[in-house]
Amino acid sequence: MSSNIVWHNHKITRAERATIKHQKPCLLWFTGLSGSGKSTIANALDVALHHRGYHTFLLDGDNVRHGLNKDLGFSDSDRVENIRRIGEVSKLFTDSGLIVLSAFISPFTSDRRMVRNLFPAGEFIEVFMDTPLATCEERDPKGLYQKARAGQIKHFTGIDSPYEAPERAEVCLDTSEMTVDDCVDSLIDYLLERGLIFQNGQSA
Ligand code: ADP
């Protein structure tokens, strides 16, 4: 990084940006195997929060790879850079006062820790989609497991590339046992318990 780059302190603070939206920003980081339900649950929570009047933003794996990260592939170093950029973008969105939902396989503990460390304590909420591989493979919503098993996709997480399960995720959801509504309810309960959202809508 150039030593000529100086950090500018903005006149409007992070707290002021959140206060005008009457909310407390945080990042919900959905991690889990392909087909574990990250996208489905993040979208459903996004809708639930939006209807309660909260300002949210959803960052999703494939969408980010179409734009911001379209120069990145699936090598180890590109996977690290993929998550690093998403973490930094998530941070900028929370700095703007939003509740951010990010849904990425993010298989490596060290990458998730790197993102966690960007945030003040309590603002990074790791949501582990603890759906068994067998269920994910059976669903195979994008046909990717079939291709991975046939050797047409290399380094596919859960097949020939590891997934390091979080040991201390703030929330664990197994969508083979919980419905979409169950998952959304338990996430809403978590946010209410932590005082990040309020029963009667916005307030901060
Ligand atoms: P990911 O984003 O983790 O790759 P997706 O959300 O894209 O996973 O895919 C999960 C698939 O499982 C979807 O086709 C969804 O409809 C299906 N599904 C079935 N039951 C559930 C559930 N209880 N929660 C989430 N997804 C479910």
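The preceding data block contains the structure.
Reading guide: rules and limits
Residues numbered from 1 in each chain as written. Predicted model: local features only at pLDDT ≥ 70, side-chain atom pairs only at ≥ 80, totals over all residues. Heavy atoms only, no water. Axes fitted to C-alpha atoms, helices over the stretch in contact; angles between N-to-C directions. Helix = DSSP H or I, 4+ residues; strand = E, 2+ residues; numbered from the N terminus. Parallel < 35°, antiparallel > 145°, perpendicular 65-115°, else oblique. Left-handed = near helix turned anticlockwise from the far one by under 90°. Contact = heavy atoms within 4.5 Å. Buried < 20%, exposed > 50% of the residue type's maximum accessible area, 1.4 Å probe, protein only. Arc of directions from axis to C-beta. Pairing = 2+ DSSP bridges. Phe/Tyr/Trp six-rings, centres within 6.5 Å; stacked < 30°, edge-to-face > 60°.

Structural notes on the packing of helix α4 (residues 76-95) against helix α5 (residues 109-116)
In helix packing, the relevant descriptors are the interaxial angle and the interaxial distance, both defined with respect to the helix axes. Running from N to C, α4 and α5 point in directions that differ by 20°, and their axes come no closer than 9 Å. In this view, α4 runs roughly parallel relative to α5, as classed from their interaxial angle. In the packing of α4 onto α5, the handedness of the crossing is right-handed. Between α4 and α5, the contacting residues are R79, V80, I83, R84 and G87 on the first element and D111, M114 and V115 on the second.

Re α5
The complete set of buried residues in α5 reads D111, R112 and V115. Down the axis of α5, the buried side of the element spans an arc of 95°, and every buried residue falls inside it. Residues of α5 that are buried sit in contact with β1 (26-31), α4 and β4 (124-129).

A word on the sheet that holds strand β5 (residues 171-173)
Pairing in this open sheet of five strands is parallel, and the strands run β2-β3-β1-β4-β5 from one edge to the other. Each edge of the open sheet carries a strand with a single partner, namely β2 (56-60) and β5. Adjacent strand axes in the sheet meet at a mean angle of 15°, parallel and antiparallel pairs treated alike.

So, unusual backbone geometry
Of note in this structure, S106 is not a glycine but carries a positive phi near 35°. Along the chain, S106 falls in the loop between β3 (99-103) and α5. With a phi close to 35°, D140 is a non-glycine residue in the positive phi region. Tracing the chain through its elements places D140 in the loop between α6 (133-139) and α7 (144-149).

Notes on the packing of aromatic side chains
Counted under the stated rule, the structure contains six aromatic pairs. Ring centres of F57 and F93 lie 4.5 Å apart, and the angle between their planes is 20°; on these two criteria the pair is classed as stacked. Within this pair, whereas F57 is found in strand β2, its partner F93 is found in helix α4, the two being separated by 36 residues in sequence. Judged by its relative accessible area of 34%, F57 is partly exposed. A relative accessible area of 25% places F93 in the partly exposed class. Taking the centre distance of 6.3 Å and the plane angle of 45° together, the rings of F119 and F124 count as tilted. For F124, a relative accessible area of 4% puts it in the buried group.

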